[in-house]
Amino acid sequence: LASYAASSQYAKVSPEVRTIEIPSAIWWDEGGLRLIDQTRLPDTLQVLTPRRVEDVAEAIRSLRVRGAPAIGIAAAFGLVLALDPEPPTLERAWAAVEEAARTLGKTRPTAVNLFWALNRVVEAAKRAHPSSPAALAGAVRAEAEAIWREDRELCDRIGQYGKPLLAGVRAVLTHCNAGALGTGGVGTATAPLYAWLADGVPIPVYADETRPLLQGARLTAWELSRAGIPVTVVPDGAAASVMARGLVDAVLVGADRIALNGDVANKIGTYGVALAAHAHGIPLYVAAPFSSFDLTIAQGADIPLEQRAPDEVTTIRGVRVAPEGVAALNWAFDVTPARYVTAIITDRGVIRPPLHENIPAMMGRAR
Ligand code: MRU
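This text gives an overview of the structure that appears in the document. (Residues numbered from 1 in each chain as written. Predicted model: local features only at pLDDT ≥ 70, side-chain atom pairs only at ≥ 80, totals over all residues. Heavy atoms only, no water.)

**Quick word on unusual backbone geometry**
Right, on to step 1. The omega torsion of the bond from Arg211 to Pro212 falls at 10°, within 30 degrees of zero and hence cis.
Right, on to step 2. Mapped onto the fold, Pro212 is located in the loop between strand S5 (205-208) and helix H7 (215-227).
Right, on to step 3. Pro353 connects to Pro354 through a cis peptide bond whose omega is 0°.
Right, on to step 4. Structurally, Pro354 is set in the loop between strand S16 (349-351) and helix H11 (355-363). (Helix = DSSP H or I, 4+ residues; strand = E, 2+ residues; numbered from the N terminus.)

Okay, structure coming up:
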């Protein structure tokens with residue numbers, strides 16, 4: 001398990017907080033692609049080494065790797081695996097990349113980072129005008145590594161921009177896992193929390209358990225407690241009561257896709273949390289890198305929302321909790337209308353309302 005010390009921009013590490021243990025969900029080393037199997041956390045920490053495109057596709061579909069930025073990174077490296085072993089001709093190499101992009105693009109529909117990453121790698125490879133399969137493989141790998149490397153930087157910048165918003169807050173509530181486990185770096189919603197922690201200020205977190213797959217109870221609680229952030233898991237149904245009792249001063253969540261008008265698709269239940277926060281006058285901050293914005297989509301209603309198998313709802317970790325054969329709805333994501341979003345913390349700065357004006361102004365320009 002890779003962990004790294006507080007990164008350089010968090011230079012003011014207090015004497016008490018020397019090293020913060022933040023897990024890496026995904027990385028590439030001499031052995032190839034590595035993923036923590038997040039379906040097995042928190043009981044078992046197993047690192048997978050997918051060798052084939054189909055292994056990566058399966059890992060994304062089954063949420064072994066999950067969280068919008070991490071899905072994008074995994075897919076980008078999936079294209080690298082499509083060229084191992086190297087096809088004999090350039091034509092066959094291109095066909096392998098295109099076939100892999102199709103396969104990976106069908107795994108999960110909501111996180112736009114998946115399509116953004118696939119497209120970015122393919123376009124960069126085209127621009128390189130490779131003259132051999134080896135040259136194509138080199139171009140694909142260079143771009144996948146750039147996406148991974150950049151994602152670490154994006155998370156750090158989200159941390160810097162988000163940090164002042166949490167000045168003085170006593171505790172925050174979060175939903176799902178928008179942490180390091182969902183990215184190539186220190187997470188999105190967690191990044192400002194880690195930035196405070198690096199200054200010796202652990203801001204307590206209430207983590208919604210996040211049914212059906214319990215990313216909050218299993219993953220956020222694991223990640224934050226290892227890092228030294230006090231975390232309290234609450235049933236999803238308790239989020240409004242946590243607010244009503246005055247236990248949290250802010251809500252911090254991630255995003256899978258943000259429309260041009262500021263509507264935010266995120267893990268199912270985020271919408272309810274946003275309504276409750278609005279009712280209690282508690283700010284709701286969405287933290288996301290530029291790769292989670294989809295400026296081709298005007299509004300949240302146009303975002304494709306994944307529906308998953310009903311048995312994820314009728315069972316909990318393989319144990320049936322509903323009568324055999326009963327119907328269940330399993331929308332993996334919901335849309336929080338822009339009017340409930342206090343601000344979006346991005347790697348380029350904090351976007352405040354009116355989001356439909358300020359998103360294109362900040363995200364529409366070239367980097
Ligand atoms: O189904 P998941 O676990 O992939 O859903 C993840 C989320 O909803 C996260 O909040 C989002 O992808 C941001 S991860 C930094």
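**Comments concerning the pairing of strand S7 (residues 250-253)**
Right, on to step 1. Alternating positions in S7 separate into two faces, Ala250 and Leu252 on one and Val251 and Val253 on the other, with burial throughout.
Right, on to step 2. With two bridges connecting them, strand S4 (residues 172-174) and S7 associate as parallel partners. Bridge assignment links Val172 to a residue of S7, and that residue is Ala250.
Right, on to step 3. Strand direction decides the pairing type here: S7 and strand S10 (residues 284-287), joined by three bridges, are parallel. In the strand pairing of S10, Leu252 is matched with Tyr285. (Buried < 20%, exposed > 50% of the residue type's maximum accessible area, 1.4 Å probe, protein only. Pairing = 2+ DSSP bridges.)

**Let's talk about the sheet that holds strand S2 (residues 32-36)**
Adjacent strands of a sheet form backbone hydrogen bonds with each other and so pair up, either parallel or antiparallel.
Right, on to step 1. Read across the open sheet, the three strands follow the order S1-S2-S3; overall the sheet is antiparallel. A single partner strand is all that each edge strand has here, and the edge strands are strand S1 (26-29) and strand S3 (47-48).
Right, on to step 2. Two elements, S1 and S2, share four bridges in a ladder whose sense is antiparallel. Of the residues in S2, the one forming a bridge with Asp29 is Gly32.

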